[in-house]
Amino acid sequence: MRVVVNDKFNSNGEIFHTILGALREGVNVVDSKGIIIYSNKSSADYVKANMEEMVGQHITKYYQKAALLEVLETQRPVYDKKIIHDEGRVFIVNGIPLFINGIFSGGVATFRDITEIERLSKRLESLELELAQSKMHDVFETIIGNDGSLKDAVNKAKRSIASLGGPRHCVIVGETGTGKTMIAKAMYSFAERMGVIKPGSPFIEVNCAQFTNSDIAAMEVFGTEKGSFTGAHEKPGLVEGADGGILFLDEAHALGTHQTMLLKVIESGLVRRIGGRKEREVDILIITASSKNLKEEFIPELYQRLAQYLIELPPLSARSLEEKEKLLEFFVNLYQASAKSRYGINLKIIFTETAKNILLKAKYERNIRQFRDVINVAIDAAAPLVSNIGNDIKDIKVLVDVEHLHFKMFEEEYSPEIKQDNSGQASTLDELIKDLNFKGLGPRKIASELKKKGIHLEYYQIAYRLKKYKMI
Ligand SMILES: Nc1ncnc2c1ncn2[C@@H]1O[C@H](COP(=O)(O)OP(=O)(O)O)[C@@H](O)[C@H]1O
Ligand SMILES: [Mg+2]
């Protein structure tokens, strides 16, 4: 296409200068060596330079990942190329080669900064996801095991919120990482959805064991009245803060003797701040939780009161293999979804059979939380870093193998078993050793591989095991 411009208007190319200068898009023109011949104002603004100083410099001085480099190399156009610059800005670029009288002479790039658009579209995606989740009628459906090992717990949780007689205070027991906090949050959403509490009512969570002692914990929970003792200020407690909503008291036994005050709130709906006289009415639902043996830790009256709504969560080791597999799948999906929303990358994560077996059979002292962490760290170890992924690559397969599994707890878990070495049963450790041996590693190499995972075995102990396997 030939553009004809009246000469009078086009003296010194001024008209083009004005047009290019007014464009919101950046424009760069380089010669065949990549030296900038022209940059418009938007381009200069993007890199915080001025147009004059850019001319004569190599394009990479300002745009390290310029699409023009590709144009110069291939002498072909590139369209809609997404470039993520090191400082995180995202550009959409078009680049075309420049031929003058049929001779390749350089290239022209036009581009837009879409950082903000990208950010907004990711935010939109996550909002859509949140919306889709919040539309689900039954929040408990998303909890893995709601139909299996947690069936009883979920039923009680629902009943304690939505009984016709009104909501009831309850207690959730379970080892650390078994899902106590998760259930409490699900109960809150359920209460909101059922109209038991008003939408947007407070959900206040506090771990009573985090305080130096039970007196300080009680001051936080119940508040203090001025002058009650030296240095005390007038301060409402979390009980008042949660008025109209739910107070989740984790490790509630750590309230010690102040549990009587908790009992009072539960029985009468009245709270008295520490050192105060006045009783205040509060309308709250209290969910207590504990990882301890409640019968020993709670004062008997409180125990009796709460035991009617005792929600018990089993440890991970008591869950079926099928549920563990579902949990694995759940955490893998979460990982994939996060790569997608963060970087727009479609990850496909696959575990080798051996890795999966070891993962599912291992023991996790910190239950699902630790299981989740081991899975995430294994995927991290198997996947490339985002900085090593080309801009155009959108689909990545990640194969997680035994060498990516890092269980801190291996040491604790296996040391007793190592001592009494005649159980005869194939353990996870045995499988790991066999796998490494199968890959051609000898006892010394296996010992050093295991060491990296925190398992300390002498090479002769490994040799002994290898011999034993062959005998079986
Ligand atoms: N049944 C489950 N389904 C899905 N995720 C779970 C389940 N139970 C626990 N989790 C996850 O495990 C982690 C630990 O759970 P959490 O509620 O914090 O445990 P606790 O409060 O008992 O220490 C959280 O990331 C939680 O989302
Ligand atoms: Mg918790």
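Definitions and cut-offs
- Residues numbered from 1 in each chain as written.
- Chains lettered and ligands numbered in written order.
- Predicted model: local features only at pLDDT ≥ 70, side-chain atom pairs only at ≥ 80, totals over all residues.
- Helix = DSSP H or I, 4+ residues; strand = E, 2+ residues; numbered from the N terminus.
- Buried ≥ 20, exposed ≤ 12 C-beta atoms within 10 Å, placed from the backbone.
- Contact = placed C-beta atoms within 7 Å.
- Near = placed C-beta within 6 Å.
- Nonpolar A, V, L, I, M, F, W, Y, C, P; charged D, E, K, R; others polar.
- Domains from an automatic or database assignment.
- pLDDT = per-residue confidence, 0-100.
- Pairing = 2+ DSSP bridges.
- Axes fitted to C-alpha atoms, helices over the stretch in contact; angles between N-to-C directions.
- Core = buried A, V, L, I, M, F, W, Y, C linked by C-beta atoms within 7 Å.
- Arc of directions from axis to C-beta.
- Parallel < 35°, antiparallel > 145°, perpendicular 65-115°, else oblique.
- Left-handed = near helix turned anticlockwise from the far one by under 90°.
- Expected span 1.5 Å × (residues − 1).

### Quick notes on the overall build of the chain
Reasoning step 1: The number of helices and strands found in the chain is 19 helices and 16 strands.
Reasoning step 2: Counting the 472 residues in the chain, one finds 29% classified as buried.
Reasoning step 3: Across the chain, the fraction of contacts at a sequence separation of at least 24, relative to all contacts at a separation of at least 6, is 64%.

### Quick word on the site of ligand 1
Reasoning step 1: With respect to spatial proximity, 15 residues lie near ligand 1, and among them I144, G179, K180, T181 and M182 are the closest.
Reasoning step 2: For the shell around ligand 1, the secondary structure elements donating two or more residues are α7 (180-193) and α15 (367-382).
Reasoning step 3: Within the shell around ligand 1, the residues separate by chemical class into five nonpolar, seven polar and three charged.
Reasoning step 4: Split by domain, the shell around ligand 1 shows at least three residues from each of two domains, domain 2 (133-314) and domain 3 (317-404).

### What about the confidence of the model for the chain?
Close inspection of predicted coordinates is inappropriate for parts of the model with low pLDDT.
Reasoning step 1: In this model, the chain carries an average pLDDT of 86, and 90% of its residues clear a pLDDT of 70 or more.
Reasoning step 2: This stretch, residues 1-5, has a pLDDT under 50; its non-local contacts, to residues over four places away or in other chains, come to two contacts.
Reasoning step 3: This model gives residues 409-426 a pLDDT under 50, and the stretch forms 16 contacts once residues within four places in sequence are excluded.

### Regarding the sheet that holds strand β3 (residues 78-84)
Reasoning step 1: The antiparallel open sheet is built from five strands, whose spatial order is β2-β1-β5-β4-β3. Each edge of the sheet is formed by a strand with only one pairing partner; in this case those strands are β2 (36-39) and β3. The mean inter-strand angle of the sheet, taken between neighbouring strand axes irrespective of direction, is 25 degrees.

### Concerning the nonpolar core
Reasoning step 1: Judged by nonpolar contacts, the single largest core of 50 residues is most densely connected at I172, I183, M187, V221, I246 and I287.
Reasoning step 2: A total of seven residues in this core trace back to one element, the largest contributor, which is α7.
Reasoning step 3: Among all residues touching I287, those that are not within four sequence positions of it are C170, I172, A184, M187, I246 and F248.
Reasoning step 4: Listed in part, the 29 residues of the second largest apolar core include L316, F331, F371 and A447.

### Observations concerning the environment of E353
Reasoning step 1: Residue placement: E353 occurs in helix α14 (residues 353-361).
Reasoning step 2: In the structure, E353 is positioned 47 residues away from V400 in sequence and 9.6 Å away in space, judged by C-alpha atoms.

### Observations regarding unusual backbone geometry
Reasoning step 1: The phi dihedral of Q75 is positive, around 55 degrees, even though this residue is not glycine.
Reasoning step 2: Mapped onto the elements, Q75 comes out in the loop between α4 (68-74) and β3.
Reasoning step 3: Given 13 C-beta atoms within 10 Å, Q75 falls into the partly exposed group.
Reasoning step 4: Positive phi outside glycine occurs at N101, with the angle close to 50 degrees.
Reasoning step 5: Examined against the element boundaries, N101 turns out to sit in the loop between β4 (90-100) and β5 (103-113).

### Here we look at helix α10 (residues 259-268)
Reasoning step 1: Among all positions of α10, only Q259, L262 and V265 are buried. All buried residues of α10 lie within an arc of 115 degrees about the axis, which places them on one face of the element. Of the exposed residues in α10, those oriented more than 90 degrees away from the buried face are T260, E267 and S268.

### Structural notes on the packing of α10 against helix α12 (residues 300-307)
Reasoning step 1: At a minimum axis distance of 9 Å, the contact between α10 and α12 shows a crossing angle of 40 degrees. In terms of their interaxial angle, α10 and α12 are classed as oblique. Here α10 and α12 pass one another in a crossing that is left-handed. Taking contact as the criterion, the partners of Q259, L262, L263 and I266 in α10 are, on α12, E301, L302 and R305.
Reasoning step 2: Split into classes, the residues belonging to the contact of α10 with α12 amount to four nonpolar, one polar and two charged.

### So, the pairing of β4
Reasoning step 1: Pairing of β3 with β4, which is carried by five bridges, proceeds in the antiparallel orientation. Residue K81 lies in a different strand from β4, and its bridge partner there is V93.
Reasoning step 2: Taking the residues that link successive antiparallel strands as the turn, the β3-β4 hairpin has five residues, and the phi of G88 there is positive, at about 100 degrees.
Reasoning step 3: When β4 meets β5, the two strands line up antiparallel, connected through 10 bridges.

### So, helix α13 (residues 321-343)
Reasoning step 1: If you check α13, its first and last C-alpha atoms are 33 Å apart, about what 23 residues at 1.5 Å a residue would give, namely 33 Å.
Reasoning step 2: Considered for burial, the residues of α13 that qualify are K324, F331 and V332.
Reasoning step 3: On its buried face, α13 sits against β15 (346-351), α14 and α15.
Reasoning step 4: In the stretch just after α13, G344 is the one whose phi turns positive, near 70 degrees.

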